[in-house]
Amino acid sequence: MVRQKASTTKCAATSGSPDKPRRRARVPAAKEHPSLHTVHQIKEVGKQTRLRAAKTRETYSRHVRRARSWLQGHILAEGTQQIPSHAGEESEVYSDPGFRNAFEHVPNQCSDKALALYLSWRGFQENCSQSTIDGIRAAFKMLWDEADGATFHGDWHHNDTRHRWEGNPVRLAEVDDVVASIRHKVSSEGAERTHSGAMKKEYMDRILTWSESRCPLDFPLDKNAKLMATWHLQHLACGAIAFTLWTRNYELVKLKRGDINLDKTERSLTINELSSYFEIHLKNRKGWQRKLDKGMRESDLRSNHYRIYPRPDMGRACDSFLRLLIWMKWVEYVHLGQPMAEDDFLFPAIGANGVLQPGEPLSHDMVQKWIDEAVAGAGIPGTFSTHCYRRGGAQYRFMFAPVGQRWTLARVRWWGGWAEGEHRDTLMRYLLDELHCYENDHSDALGPVSREADGSFAGEAALVQPASTEALNMAHTSLTVDVAALHTKVEEISSSQVTNMNEIRQ
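Because the structure is predicted, anything quoted here is derived from the model rather than measured.

K.L.:
Lay out the packing of helix α5 (residues 111–125) against helix α6 (residues 130–145) in plain terms, naming residues and giving numbers.
P.N.:
As a packed pair, α5 and α6 sit with axes 10 Å apart at the nearest point and diverge in direction by 160 degrees. Taken together, the axis directions place α5 and α6 in an arrangement best described as roughly antiparallel. Our pair here, α5 against α6, has a crossing hand that is right-handed. Counting all contacts with α5, which are made through Ser111, Leu115, Tyr118, Leu119, Arg122 and Gly123, the residues of α6 involved are Thr132, Ile133, Ile136, Phe140 and Trp144. Residue composition of the contact of α5 with α6, grouped by class: seven nonpolar, three polar and one charged.

K.L.:
Before we move on, could you go through a positive patch on the surface and cite the residues and values that matter?
P.N.:
A grouping of Lys55, Arg62, Arg65 and Lys254 is seen on the molecular surface, where their side chains present a positively charged patch. For Arg62, the position within the fold is in helix α3 (residues 54–72).

K.L.:
A description of empty space enclosed by the protein should follow, citing residues and the corresponding values.
P.N.:
Empty space among the atoms can be located by rolling a probe the size of a water molecule over them. Taken as a whole and judged by the stated rule, the model has three cavities of 30 Å³ or more. Reported here for the largest cavity is a volume of approximately 80 Å³. Among the secondary structure elements, those contributing two or more residues to the lining of the largest cavity are α8 (201–214) and α9 (223–245). Top contributing element to the lining of the largest cavity by residue count: α9, with four residues. Considering only residue class, the lining of the largest cavity consists of eight nonpolar, two polar and two charged.

K.L.:
Pulling in residues and values, what's your account of the packing of α3 against α6?
P.N.:
Direction vectors running N to C along α3 and α6 enclose 95 degrees, while the axes themselves pass 9 Å from each other. Taken as axis vectors, α3 and α6 run roughly perpendicular relative to one another. The segment α3 lies against α6, with Arg57, Tyr60, His63, Val64, Ala67 and Arg68 engaging Thr132, Gly135, Ile136, Ala138, Ala139, Phe140, Met142 and Leu143. Tallied by class, residues from the contact of α3 with α6 come to nine nonpolar, three polar and two charged.

Procedures and definitions
- Residues numbered from 1 in each chain as written.
- Predicted model: local features only at pLDDT ≥ 70, side-chain atom pairs only at ≥ 80, totals over all residues.
- Heavy atoms only, no water.
- Axes fitted to C-alpha atoms, helices over the stretch in contact; angles between N-to-C directions.
- Helix = DSSP H or I, 4+ residues; strand = E, 2+ residues; numbered from the N terminus.
- Parallel < 35°, antiparallel > 145°, perpendicular 65-115°, else oblique.
- Left-handed = near helix turned anticlockwise from the far one by under 90°.
- Contact = heavy atoms within 4.5 Å.
- Nonpolar A, V, L, I, M, F, W, Y, C, P; charged D, E, K, R; others polar.
- Patch = residues over 30% accessible without salt bridge, like charges linked within 9 Å, V, L, I, M, F, W, Y side chains within 5 Å.
- Areas by Shrake-Rupley, 256 points an atom, 1.4 Å probe, with all protein chains shown as cover.
- Salt bridge = Lys/Arg side-chain N within 4 Å of Asp/Glu carboxyl O.
- Lys, Arg positive; Asp, Glu negative; His and termini not counted.
- Charge placed at Lys NZ, Arg CZ, Asp CG, Glu CD.
- 1 Å grid on protein atoms, 1.4 Å probe; cavity = no way out; pocket = protein on both sides within 12 Å on 5 of 7 lines; lining within 4 Å.
- Points joined across faces, edges and corners; volume = space filled by probe spheres on them.

On their own, these measurements won't tell you what the molecule is for.
Following this line, the structure appears as structure tokens:
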């Protein structure tokens, strides 16, 4: 009882002490809540920016704009449709006033018919590829899925109770039939391969030889020469980086100076240590957002970081270490007169006056123009798009690199940024289909030495097996003939020199 009283007295004295005034409790300020309309706008903006990649949305928007332009082109000036001359149910649909708005954000009773017509036109009349048809279909599916909440999800049907159309017109059987018919058309006609050829390493070497013949660097650097040298150096660096990192075009042109870490290479351009490297961070690598959505694993944290080492054994055309450093120093010393800023694009656009635009990336058309000009100048057969470097680089590392330097399928998948589920489709097209064609190619069956492509992986057996007696005899015969021809040539030159000396003495 005594202790309790003392404690009570102490607390009372403390609370009433003049030296320590009692603090007033802080009243938290009332937090202003946004309106429901504002929250709704935040939701819509979040869906627009995060649900799908920006490039996907851009592609889909382009498909929708082109379809709307096509539809409006069939609307006469007075507001009526160009309908067929024959009568029937289709004519009634075409004359429906809602037909002109069939491709708007909210579908109507004519949207399914209009979409089937447009797909038929693009597939049967314009002979578009299957991928284009699938892209158009996916674009409209996304457009109408996002309209008015969940009203236009599911199968397309008329709700008699609410007296309105619901679901997505893309899911209608008629649209499915048109897409399937186009797919059968493409398959039955055996459409010619339109995808890009692979940029082989020997092609890279030939392009470099052509480039140096067109643009030697030992000449006075006037305005025109400066522009031409910039054009060649930029695209040689682009090609080397794309061949090494297997980049898609948009991944390559969006690289910025801040994505390159040169801490290990700032000493000089003459690198004597092969262990030196610089690091490239491909922030725009395809599928990166999908990995973030699934949850990053520890092994994924560096899955788009690449260390680039000097590789003189690859030749000057494919040595991306050398090519990129030369290009960056050229930009800084010749064009900018100062180091590149962190936000400067690594491969900037070049203005009509020859001035670099550091804040604007190189366009797809300019990269394609360079490829067309280079392969034509170097005399390389085939059709090549900006995807040729990705195909060529992957195939080289998997099949055509020297024995002992070829990569496993797991390393190829990691380096190319392919998802684990892409083993059976994308990697099959990039690597295994090409390997199958190589191993079943018997066009050189009459050759003196067999490649034995079907007897080992990419014909490795022919590179490591001992030479046969027949092969050695052929080599000996060829060498003997060459030496005999050289001996005859030396005798002719010696005889000519003796004759000339006699004439001089006379």
